[in-house]
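Overview (structure and organization)
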Amino acid sequence: MTAPRKTKLHVEELRQQIRYHDHLYHVLDDPELSDARYDRLLRELRKLESEHPDLITDDSPTQRVGAEPVKAFNQIHHRLPMLSLDNAFDEDELRNFDRRLRDRLKLDDSEKVEYAAEPKLDGLAVSILYQDGKLVRAATRGDGTTGEDVTHNIKTIHAIPLQLSGSKYPPLLDVRGEVFMPRAGFDEFNARARRNEEKEFINPRNAAAGSLRQLDPRITARRPLNIYFYGIGEISKGHSASTHEMGMQLLRQWGLKVSPELAVLSGVDQCLAYYAAIFEKRVSLPYDIDGVVFKVNSLDYQEMLGFVARAPRWAIAQKFPAEEETTIVKDVEFQVGRTGALTPVARLDPVFVGGVTVSNATLHNMDELQRKDVRIGDTVVVRRAGDVIPEIVSVIKKKRPGKSRKVRLPAKCPVCGSDVERPENEAVARCSGGLFCPAQRKEAIKHFASRRAMNIDGMGDKIVDQLVETGVVETVADLYKLTLENLSGLDRMAEKSAGNILNALEKSKQTKLARFLFALGIREVGEATALSLSAYFTDLDELMEADEEALMTVQDVGTVVASHVRTFFQQTHNKEIIDALLAAGIRWPVERKATPDDQLPLAGKTFVLTGTLNKLTRDQAKSRLHELGAKVSGSVSRKTDFVVAGENPGSKHKKALDMGVFVIDEEALLQLISK
Ligand code: JCF
């Protein structure tokens, strides 16, 4: 039965809407619809198509995942070859490129060449053919002349339209783009693979290539692939572009995604500035790039310049310094951090990687070291991306020498000789020396002085190291006893800087309770927890005396944090240091609450929550009760005033009944806390 005309129109209208919203979401990153409403449109279309299969077309948004895996990839001959790019590895090579062009074009010294520039994505190049606006074929670059037919997989990528937008697209369009996997998707994919003990991808490039070269499009469909188009291969006569940039604008009009970083530059100096800017920016881009591509913008010039071998004379890729290199592990040593954590660090034969010479790389922890099976003498791949700490990616097992040595966790701290402890099931091993260990002491002091803690300007790592090594400073409290003589006696310390540090110390005394708590370096107490603690307790004495139950009434404080806080404040030496700090003059404003605590409606009342609440979460109930002056405790005792029993309450409910504590239900709680 053929579908009624009305249905046909409705189906076409749904497709138009879906394409429009696909474009907003995947190409322009600017969606108008919620996911739910978008799904509703798609479901409606699917339903109609299943009722009227004769209405299904190849370019319908429902046809992104073809049902059947293919048996093998067909070869596709590119009618216009897919070019590769010549590389420039430094400024001189880029300047030479510009010079060669200008000579060929016979430009005089005052005339600048205009370039179109964009980041060079680290993915897989493809060629996609649109006929009468419909995606009919897609192929990998292959060797530039012949590639593989990946149409079924390309169609699963939502950023690639199955139908071009508008009506002014050419009857034939062969566009070239780079398919890539954004870093977030890559990390997520690998995290899942790790959980399922499946094979991980080495890098986003391999992930993109591996995902496109799947025989089963249903697998590709689940991979978070994306694309930027960077060039036009074949196009029917009659379009109006005279520059590369105008060509890219046309692609945008037809719904094809072009790099938002695309820029037009005048002359080679602007190219170098663009390169520097993109190099800076690259860690913040959501995908990996390995350089910048510069193209002569004028299409006439491009034609005049032509090709050599398989690369155009009019384009060049200026590559970033390689982020990965191989080198040899000379030794593995253990560094001791602020909390005593032992971090294995590989000492390497120096290599130039990511733009700097690297001679150390972290191995994070023993688990990581064992997982990667790094041994002394091994040849390894070292990675340094952007500003991140260099790390060892993998071992090249083939190159392992006969005399390689396994790395053992030391039994004693390499700095202070205390026992090393490694709780079962934990990746991290720790020195048990606490602040007896000079390494932990140094790190604790650096943390205390750091910007987000006490913010002691000028108290850098080198200075702290010397102060601890010479015994001038043993605890953070000693910082406030420093004198001009102490400081100016240090290596490479001018009298002026010594004075500045004393001023900074003085200035740091006026602080906030949250900063102070964070600065103390209590295990698991980061900035956010310090802030919650300071908001709840206002008064340091109250916090120092709080038991774990009271601590756990604070937002986000669970058993682990509560126990670390409690333990910290029970240590005599910690109490002495805090006393000394306060005696030195450290203070913070007492934050006035709008209503004094004892006048709040639920002041002095203690609540215990048990069972499931339906109208609000436990955290919401907790924080609302706190606002009203109540305490919320984890267990029922004689001090409990109310037990709130939600659905399926547990033993606390029973205990409350046994002890005769007042039990209320969720409704009654809502009555109590409603505004
Ligand atoms: O992003 C890329 N990997 C990329 C590759 C960008 C471009 O503009 C390219 C390319 C390969 C060849 N342009 C050509 C001509």
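Structural data are supplied above this passage.
Below is a short write-up of the structure. Keep in mind that this is a model prediction, so the values were computed, not measured.

Let us now look at the overall build of the chain. Within the chain one finds 24 helices and 24 strands. Along the three orthogonal principal directions, the C-alpha set of the chain runs to about 85 × 70 × 55 Å. Expressed as a percentage of its 675 residues, the buried residues of the chain come to 48%. Taking as baseline every contact in the chain between residues at least 6 positions apart, the subset at least 24 positions apart corresponds to 66%.

Below, the discussion takes up the state of the cysteines. Enumeration over the complete set of coordinates arrives at zero disulfides. Unpaired in terms of disulfides, C413 finds its nearest cysteine sulfur in C431, a separation of 3.6 Å. Of all cysteine sulfurs in the structure, the one in C416 sits closest to C431, which takes part in no disulfide; the separation is 3.6 Å.

The next point concerns unusual backbone geometry. Even without a glycine there, the phi angle at K106 is positive, about 55°. The phi angle at E197 is positive, at roughly 50°, despite the residue not being glycine. Topologically, E197 is positioned in the loop between α5 (183-195) and α6 (204-212). Exposure remark for E197: the relative accessible area of 74% places this residue in the exposed category.

It is worth spelling out the sheet that holds strand β2 (residues 86-88) at this point. In space, the five strands of this open sheet follow the order β2-β13-β10-β3-β9, with mixed pairing throughout. The open sheet is flanked by β2 and β9 (263-266), the only strands paired with a single partner. Between one strand and the next, the sheet's axes are offset by a mean angle of 35°, whatever the strand orientation. Looking at chain direction, strand β3 (residues 114-121) and β9 are connected through four bridges and run antiparallel. Bridge pairing in β9 places A117 opposite A263. Docked against the sheet, helix α3 (residues 91-105) engages β2, β3, β10 (289-296) and β13 (315-319), running at close to 170° with respect to β13.

Every residue close to the ligand is listed here: L83, L85, E118, P119, K120, L121, E178, Y230, V293 and K295. Residue L121 places a main-chain N or O atom 2.9 Å away from an oxygen atom belonging to the ligand. In the environment of the ligand, an oxygen atom lies 2.6 Å from a nitrogen or oxygen atom belonging to the side chain of K295. Of all the secondary structure elements, the ones that give two or more residues to the shell around the ligand are β3 and β10. Per-element accounting of the shell around the ligand gives the leading share, four residues, to β3. Residues that form the shell around the ligand fall into these classes: six nonpolar, no polar and four charged.

This paragraph deals with the environment of H447. Take H447: it is sitting in helix α12 (residues 438-449). Overall, the relative accessible area of 12% leaves H447 in the buried class. Sequence separation between H447 and D461 is 14 residues, and the spatial gap between their C-alpha atoms is 9.7 Å. In this structure, H447 is in contact with R338, A453, F518, A519 and G521, ignoring residues within four places of it in sequence.

The subject of this paragraph is the sheet that holds strand β5 (residues 134-140). Here four strands make up an open sheet; going across it, the order is β5-β4-β7-β8 and the pairing antiparallel. Each of the sheet's edge strands pairs with one partner strand only, and the pair in question is β5 and β8 (226-235). Taking the axes of each pair of neighbouring strands and ignoring which way they run, one obtains an average angle of 30° across the sheet. Where strand β7 (residues 172-180) meets β8, seven bridges bridge the pair, whose relative direction is antiparallel. Paired with E178 across the two strands is Y228, which belongs to β8.

Note: strand β23 (residues 642-645) against strand β24 (residues 662-665), four bridges, orientation parallel. Paired with V643 across the two strands is V663, which belongs to β24. For the handedness criterion, the β-α-β arrangement of β23, helix α23 (residues 651-659) and β24 is classed as right-handed.

For the rest of this paragraph, the subject is the nonpolar core. Counting 53 residues, the largest nonpolar core has F448, I456, M459, L479, L533, F569 and L581 as its most contacted members. The residues touching I456, leaving out its near neighbours within four places in the chain, are F448, A449, L479, Y480, A504, L505 and S508. Counting 34 residues, the second-largest nonpolar core is a separate cluster that includes I128, I160, V175 and L225.

What counts as what
Residues numbered from 1 in each chain as written. Predicted model: local features only at pLDDT ≥ 70, side-chain atom pairs only at ≥ 80, totals over all residues. Heavy atoms only, no water. Helix = DSSP H or I, 4+ residues; strand = E, 2+ residues; numbered from the N terminus. Buried < 20%, exposed > 50% of the residue type's maximum accessible area, 1.4 Å probe, protein only. Contact = heavy atoms within 4.5 Å. Disulfide = S-S within 2.5 Å. Pairing = 2+ DSSP bridges. Axes fitted to C-alpha atoms, helices over the stretch in contact; angles between N-to-C directions. Near = heavy atom within 4 Å. Polar contact = N/O pair within 3.5 Å; in protein donor to acceptor, adjacent residues only side chain to side chain. Nonpolar A, V, L, I, M, F, W, Y, C, P; charged D, E, K, R; others polar. Right-handed = clockwise from strand over helix to strand, strands pointing away. Core = buried A, V, L, I, M, F, W, Y, C linked by side-chain atoms within 4.5 Å.

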